[in-house]
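Here is what each chain is made of, one letter per residue.
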Amino acid sequence: MYVKDISNKLRSSLYVKKRNGQFVGAYAPFGYNKSDDDKHKLVINEEEALVVRRIFNMFKNGLSLSKICDILTKEGIPTPSISKNMNIGQNNLHYGVWSTRTVNDILKCPTYIGNLTQCKQRKVSYKSKKVVHNKQNNWIVANNAVPAIIDEETFDLVANMFKSNKNKGLNNGITDKLLLRGLIFL
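This write-up is about the structure you can find in this document. This one's a predicted model, so the numbers in the text were calculated from it and none came from an experiment. (Residues numbered from 1 in each chain as written. Predicted model: local features only at pLDDT ≥ 70, side-chain atom pairs only at ≥ 80, totals over all residues. Heavy atoms only, no water.)

Here we take up the pattern of salt bridges. Scanning the model with the defined rule gives three salt bridges in all. Here E75 makes a salt bridge to R54, at a shortest N to O gap of 2.5 Å. A residue pair is termed long-range when its members are at least 10 positions apart, and E75 in the loop between α3 (65-74) and α4 (80-83) and R54 in helix α2 (residues 46-60) qualify at 21 residues. Judged by relative accessible area, E75 falls into the partly exposed class, the value being 45%. In this structure, the salt-bridge partner of R101 is D105, at a minimum N-O distance of 3.6 Å. With a gap of four residues between them, R101 and D105 both fall in helix α5 (residues 100-108), about one helical turn apart. (Salt bridge = Lys/Arg side-chain N within 4 Å of Asp/Glu carboxyl O. Helix = DSSP H or I, 4+ residues; strand = E, 2+ residues; numbered from the N terminus. Buried < 20%, exposed > 50% of the residue type's maximum accessible area, 1.4 Å probe, protein only.)

Here it is, written out as structure tokens:
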């Protein structure tokens, strides 16, 4: 199987580059650009980095993900896909609107403290275009491979805030059992 062998060889060479701290993706993460000298190195994009720092500060000061999205959208700050000229969903009603998923991914990404994180997703097979998310323990993380945008103290504080918010509302068990409570009347 020639195609399968080539696929395996390419994949293994990409894994070696990722483990060595070289960036191999098509688009740099929000807040970074690929270096002009070496396409496997990331440099900070100061305009986007200001937005990333602001997102962390807003969440640290107690704003919810949806409130952060509303503020960024109202101020006309370009989403990561727009700033990278990805041309994704231009005909969609929500084009240019910040989503809670995007802000959540930014807040949980260790790349912003200098630890280049890759292999968050993987293809099921070389025959298929289906992509699945890897568990966090299967990510490839190269420590201190990129310049940091956020200090570790802020990142750890935000991570702890996510952990403390995770089980809110589950203390009494009512929210799980009565999903349609208050919506159905007899």
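Structure's up, so let's keep going.
We now examine the packing of α2 against α3. Contact geometry for α2 and α3: axes closest at 10 Å, N-to-C directions at 140°. With respect to their mutual orientation, α2 and α3 come out oblique. Handedness of the crossing formed by α2 with α3: right-handed. Taken together, the residues of α3 that come into contact with α2 (itself represented by V51, R54, I55, M58 and F59) are L65, I68, I71 and L72. Here the residues of the contact of α2 with α3 are counted per class, giving eight nonpolar, no polar and one charged. (Axes fitted to C-alpha atoms, helices over the stretch in contact; angles between N-to-C directions. Parallel < 35°, antiparallel > 145°, perpendicular 65-115°, else oblique. Left-handed = near helix turned anticlockwise from the far one by under 90°. Contact = heavy atoms within 4.5 Å. Nonpolar A, V, L, I, M, F, W, Y, C, P; charged D, E, K, R; others polar.)

Quick look at the packing of aromatic side chains now. Going through the model one piece at a time under the given rule, you end up with five aromatic pairs. On the basis of an interplanar angle of 20° and a centroid distance of 6.1 Å, the ring pair of Y32 and Y112 is categorised as stacked. Of this pair, Y32 sits in strand β1 (residues 32-34) while Y112 sits in the loop between α5 and β3 (116-118), placing them 80 residues apart in sequence. Consider the rings of F56 and F155, whose centres lie 6.3 Å apart with planes at 40°: the pair is tilted. One end of the pair, F56, is in helix α2; the other, F155, is in helix α6 (residues 152-166), and 99 residues separate them in sequence. For F56, a relative accessible area of 0% corresponds to the buried category. Given a relative accessible area of 11%, F155 falls into the buried group. (Phe/Tyr/Trp six-rings, centres within 6.5 Å; stacked < 30°, edge-to-face > 60°.)

Attention now goes to the nonpolar core. Generally speaking, a soluble globular protein has its nonpolar side chains buried in company with each other. If you look at the biggest cluster of nonpolar residues, it comprises 33 residues, and the most contacted ones within it are I55, F56, W98, L107 and Y112. In this view, I55 contacts I68, L72, W98, V103, I106 and L107; residues no more than four positions away in its chain are not counted. (Core = buried A, V, L, I, M, F, W, Y, C linked by side-chain atoms within 4.5 Å.)

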